[in-house]
Structure formats: C-alpha cells, structure tokens
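# Working through the structure, step by step
Chain by chain, the residues run as shown.
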Protein chains: 2
Amino acid sequence: MPSETLNVGDQRPGGRAARVRSAVLQAAFELLKENSYYGFSIEDVADRAGVHKTTIYRRWPTKVLLVTDAARNHSDSRVPIPDTGTLRNDLQAFARSVASNIGSIDGAHAARSTIISAFQSEDLAEEMHTFWAERLAASAVIIERAVARGELPATSDPQLIIETLIGPLWVRLMLTGEPVDENLADRVAALLVGA
Amino acid sequence: MPSETLNVGDQRPGGRAARVRSAVLQAAFELLKENSYYGFSIEDVADRAGVHKTTIYRRWPTKVLLVTDAARNHSDSRVPIPDTGTLRNDLQAFARSVASNIGSIDGAHAARSTIISAFQSEDLAEEMHTFWAERLAASAVIIERAVARGELPATSDPQLIIETLIGPLWVRLMLTGEPVDENLADRVAALLVGA
C-alpha cells in the first residue's frame, strides 16, 4: 500500500488536490488501456496512482464514475475544441484530433474497452451516454461559431454535423478496421465543408 | 439430434441446398442475436436449423466463417442497395435501411455482438473487416451512378461518402445511445446531398 502524501483538502489549482485528481484519472485511463474494464479494480488504480483507495472512493464513489471521469479527462486534453476562425480549419483540426486519438494503439484500445464494457453494464452505458452527449454538445460550438460568422445557415444542426464528421472515423475503428488517420480526417472535413 | 432431411448436393436455386443454406444462416443469425458470439456452438446452430452438424461443417469449416456468412446474408436482405434514379433518394433509402436494421432491438444486438466478438478474436475481426469492405464496395455503386448521371463530380470518393452517410448511425449505436431512426437517416442524407 503506498503512503498517502497528498492532501485532497488543498483545492488550489495546480495544488495537491489537483495533482491527486490528475494522477488518479491518468492511472485509471492507463489501466483501461491495458485491460478490459473488468480487468482492474479501484485498488489497482490506487496502487498505480500512489494514493490510498479511500482517497479515490471519497471523490469517485463507484468505478463507473471513475472510469467515465478518466475518459472525460483524456478527451478534454487529447481532443480539444478548436477555434481557428474558419469552419474548414475547425472541422479539420477537430477531426484530426479524434483521428490521432482513436487512431493510436492506446486510444483505440481504450475506446474499444469502454464500448465493450458499456454493452455489458447498464450503469456504465448510462454514464458513457452522458459523457458522449456532453462531448457532442461541447463541440457543437464549432458549428455555432460558423453560423455566427455567416459560413453556415442558421438552420444548421450542430450536433448532426459533428456526428457526421466523426462518424467515418468510428466506422473504421469499429467495422472496417481501415486506418483512422490525418488523411481521412482531412477528406471528411473537406466533404462536409462542401455541404 | 434432428433428422437430416435436406440434400446439400442439390444445387438448384430454391432447391434443397438453398433451403439448407438459408435455414442454417438464419439459425446462426438468430443465435447471434440472442447470445454473444461465444454463447453458442455450431451444434446449437445445427439443432436450431434442423440439420446435422456435419452438413454445416461441410460448407462452413469454422464458426467464424459461418457467422460472417450469416451477417452477410442478413445484410443482403435487410439493407439492399437502392437504385431509385436520384442521389438524394438513393442515399435516403440506404440510410433508412441501415437505420431500420441497427435501430431495431434485434439488429442492434447482433451488431453489438459481432463487434464485441471481433475485438476478442483476430480471426473473426479479419472476416468482419472483409465483410465490411465488401459491403462498402457494393454500396459505392450508389455514388458511381450519381457521378454517371452528372449529379456528382467525377472526383467524388464513393467509399468516403457511404462511410460518412452511415457514420452518425453507428456513432449513435456505439457511443451516444441516441435513437437510430428514419428521421436521423433522412437528415444525414439531406446534409450530404447539400455537399
């Protein structure tokens, strides 16, 4: 059992609580990449992060909540919402981030692991659906900004456009096994800008 | 053990061999819907179809080949390639068929079951990738016809357009859990025709 050296009562940004949070979420995501969801425990996450398991339970009462938060933390850092000033560049940048994430061996493994597990656990499925609803809502701002700039009609459906942008990337990961790469990202973005 | 009443040597269309083939593939698909890939055996398929297991092994030497063929048979009948005479109607009809298939409880279950199993078996993954490559190649004719009619430029990428059409449907099935229905199919088709 590792010694508890971090005080979660310290809430300053970049302070100990933030470092504990980051260490725990990173450990959880690493274990998710290396195993299936059912292949590790909260105790394993605590060991990997170097914290007591009670520290984890205090903040994440269930493994479902911990894993969903780990996915959220990973996506926020790996797939940021771009704001380049043009629709084309925003769509391209966003699709490239998604491709770089799920096109990597680690990212693909984590994505598959959460999807499989969500099929097998209603609790996890519900949390993952919430996670994806949040992600789509957050990225819809790309389309809203393009509407505000007059690049798209006001009748545009932000969520549908984002779903259509990322769709082919997930189709390749899930169905065809074909490469998910920058080239694909650029071609989908170009196709949708044509729309 | 059911009695073997069908002679697979009879190769006439609609003859006994065709009826055996159809019964076996339907039984395999039903078992795939009701279980995971690992939850049934070739013997179970034989029992359900009312044939001897040797009849199955003669035509499908492995369970992987049988299940992939069952998926192929199901898709050919449930998701036909439309030829309505216009790009918009073809895209809409195709997206509606896919939505009706994976949007149904049975279809969603079978899709999830094969996807999960393909993550866990390299042999099945390889066959499923081939299956999807064939499906995409077959449906690319929708785009090729539109190019021939002058509805799309000759530089169009048929496979990319089909991947983009079906992408949001699979994103909903796999990630967000939101409804996969005719309304979504129509909106994606309209979005892409705008492109």
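Because the structure is predicted, anything quoted here is derived from the model rather than measured. (Residues numbered from 1 in each chain as written. Chains lettered and ligands numbered in written order. Predicted model: local features only at pLDDT ≥ 70, side-chain atom pairs only at ≥ 80, totals over all residues. Heavy atoms only, no water.)

## A few points about the interface of chain B and chain A
On the chain A side, the residues contacting the 34 residues of chain B number 34 residues. In total, chain B and chain A occlude about 3,100 Å² of area from one another, counting both sides; carbon and sulfur atoms represent 73% of this. The three residues of chain B that bury the most area against chain A are F119, L175 and L191 of chain B, which together make up 23% of that side's buried surface. Where chain B packs against chain A, one counts four salt bridges. Across the chain B-chain A interface, the total number found is six residue pairs in polar contact (both at pLDDT 80 or more). Elements represented by at least two residues in the side of chain B that touches chain A include exactly α6 (105-120), α7 (122-139), α9 (158-176) and α10 (182-194) of chain B. With 15 residues, α9 of chain B is the single largest residue contributor to the side of chain B that touches chain A. (Contact = heavy atoms within 4.5 Å. Buried area = accessible area lost by both parts, 1.4 Å probe. Salt bridge = Lys/Arg side-chain N within 4 Å of Asp/Glu carboxyl O. Polar contact = N/O pair within 3.5 Å; in protein donor to acceptor, adjacent residues only side chain to side chain. Helix = DSSP H or I, 4+ residues; strand = E, 2+ residues; numbered from the N terminus.)

## Concerning the packing of aromatic side chains
Summed over the entire model, instances satisfying the criterion amount to six aromatic pairs over all chains. An angle of 90° between the planes, with centres 5.5 Å apart, marks the rings of W132 of chain B and W170 of chain B as edge-to-face. Residue W132 of chain B is located in helix α7, and its partner W170 of chain B is located in helix α9; the two are separated by 38 residues in the primary sequence. Its relative accessible area of 6% is what places W170 of chain B among the buried residues. The residue whose ring lies beneath R59 of chain A is W60 of chain A, and the NZ or CZ to ring-centre distance is 5.5 Å. (Phe/Tyr/Trp six-rings, centres within 6.5 Å; stacked < 30°, edge-to-face > 60°. Buried < 20%, exposed > 50% of the residue type's maximum accessible area, 1.4 Å probe, protein only. Lys NZ or Arg CZ within 6 Å of the ring centre and 35° of its normal.)

## Considerations on the nonpolar core
Counting 126 residues, the largest nonpolar core has W170 of chain A together with W170 of chain B as the members making the most contacts within it. For W170 of chain A, the residues in contact, after removing those within four places along its chain, are V98, I102, A111, I115, W132 and L175 of chain A together with V171 and L175 of chain B. (Core = buried A, V, L, I, M, F, W, Y, C linked by side-chain atoms within 4.5 Å.)

## Some details on the side chain of E163 of chain B
Position of E163 of chain B among the secondary structure elements: in helix α9. Note on E163 of chain B: relative accessible area 0%, which makes it buried. Within polar-contact distance, the side chain of E163 of chain B engages the side chain of R172 of chain A at 3.0 Å. Every residue in contact with E163 of chain B, bar those within four places of it in the chain, is listed here: P168, V171, R172, E178 and L184 of chain A together with L136 of chain B.

## Thoughts on the packing of helix α5 (residues 87-102) of chain A against helix α10 (residues 182-194) of chain A
Residues and elements named next belong to chain A. The N-to-C vectors of α5 and α10 enclose an angle of 145°; their axes lie 8 Å apart at closest approach. For the crossing formed where α5 meets α10, the hand is right-handed. Contacts from R88, L91, Q92, A95, R96 and A99 of α5 reach α10 at E182, A185, D186, A189, A190, L192 and V193. In the contact of α5 with α10, the residues fall into eight nonpolar, one polar and four charged. (Axes fitted to C-alpha atoms, helices over the stretch in contact; angles between N-to-C directions. Left-handed = near helix turned anticlockwise from the far one by under 90°. Nonpolar A, V, L, I, M, F, W, Y, C, P; charged D, E, K, R; others polar.)

## What to know about the relation of the copies chain B and chain A
Mapping chain B onto chain A is achieved by rotating through 180° and translating by 0.0 Å along the same axis, at an RMSD of 0.0 Å. Given the turn and translation reported, the copies of this chain are related as if by a two-fold rotation axis. (Least-squares fit on C-alpha atoms with pLDDT ≥ 70 in both.)

## Topic: the packing of helix α6 (residues 105-120) of chain A against α6 of chain B
Direction vectors running N to C along α6 of chain A and α6 of chain B enclose 135°, while the axes themselves pass 11 Å from each other. The angle between α6 of chain A and α6 of chain B falls in the class oblique. As α6 of chain A packs across α6 of chain B, the resulting crossing turns out to be left-handed. Here R112, I116, F119 and Q120 of chain A of α6 of chain A lie close against α6 of chain B, whose contacting residues are R112, I116, F119 and Q120 of chain B. Split by residue class, the contact of α6 of chain A with α6 of chain B holds four nonpolar, two polar and two charged. (Parallel < 35°, antiparallel > 145°, perpendicular 65-115°, else oblique.)

## Quick look at the side chain of S117 of chain B
Residues and elements named next belong to chain B. Looking at the element boundaries, S117 is found in helix α6. With relative accessibility at 1%, the residue S117 sits in the buried group. Look past the residues within four positions of S117 in its chain and what remains in contact with it is Y37, Y38 and L124.

## Digging into the environment of A108 of chain A
All names here are of chain A. Note on placement: A108 falls in helix α6. The spacing of A108 and V24 is 84 residues in sequence and 21 Å in space, taken between C-alpha atoms. In contact with A108, other than residues within four places in its own chain, are N101, I102 and L173.

## Let's talk about the confidence of the model for chain A
Low pLDDT means the predicted atomic positions in that stretch should not be read closely. Residue and element names in this part refer to chain A. When pLDDT is averaged across chain A, the result is 90; 92% of the residues are at 70 or more. Segment residues 1-10 is flagged for pLDDT under 50; beyond a separation of four residues in sequence, or across chains, it makes 23 contacts in the model. On the interface metric, ipTM, the complex scores 0.87, and its pTM is 0.87. (pLDDT = per-residue confidence, 0-100.)

## Quick look at helix α8 (residues 141-148) of chain B
All names here are of chain B. Taken residue by residue, α8 has I142, I143 and A146 as its buried positions. One face of α8 carries all of its buried residues, which in axial projection span an arc of 95°. Buried residues belonging to α8 abut α5 (87-102), α7 and α9. Positive backbone phi, approximately 85°, marks G150, located one or two places after α8. (Arc of directions from axis to C-beta.)

## Focus on helix α7 (residues 122-139) of chain A
When the terminal C-alpha atoms of α7 of chain A are compared, their 26 Å separation across 18 residues agrees well with the 26 Å that a helix rising 1.5 Å per residue should span. Turning to α7 of chain A, its buried residues number three or more, namely L124, A125, M128, F131, W132, R135, L136 and S139 of chain A. Projected down its long axis, α7 of chain A shows its buried positions confined to an angular sector of 130°, all on one face. Opposite the packed face of α7 of chain A, turned more than 90 degrees from it, sit the exposed residues E122, D123, E126 and A137 of chain A. Where α7 of chain A is buried, its residues meet α4 (63-78), α5, α6, α8 (141-148) and α9 (158-176) of chain A together with α9 of chain B. (Expected span 1.5 Å × (residues − 1).)

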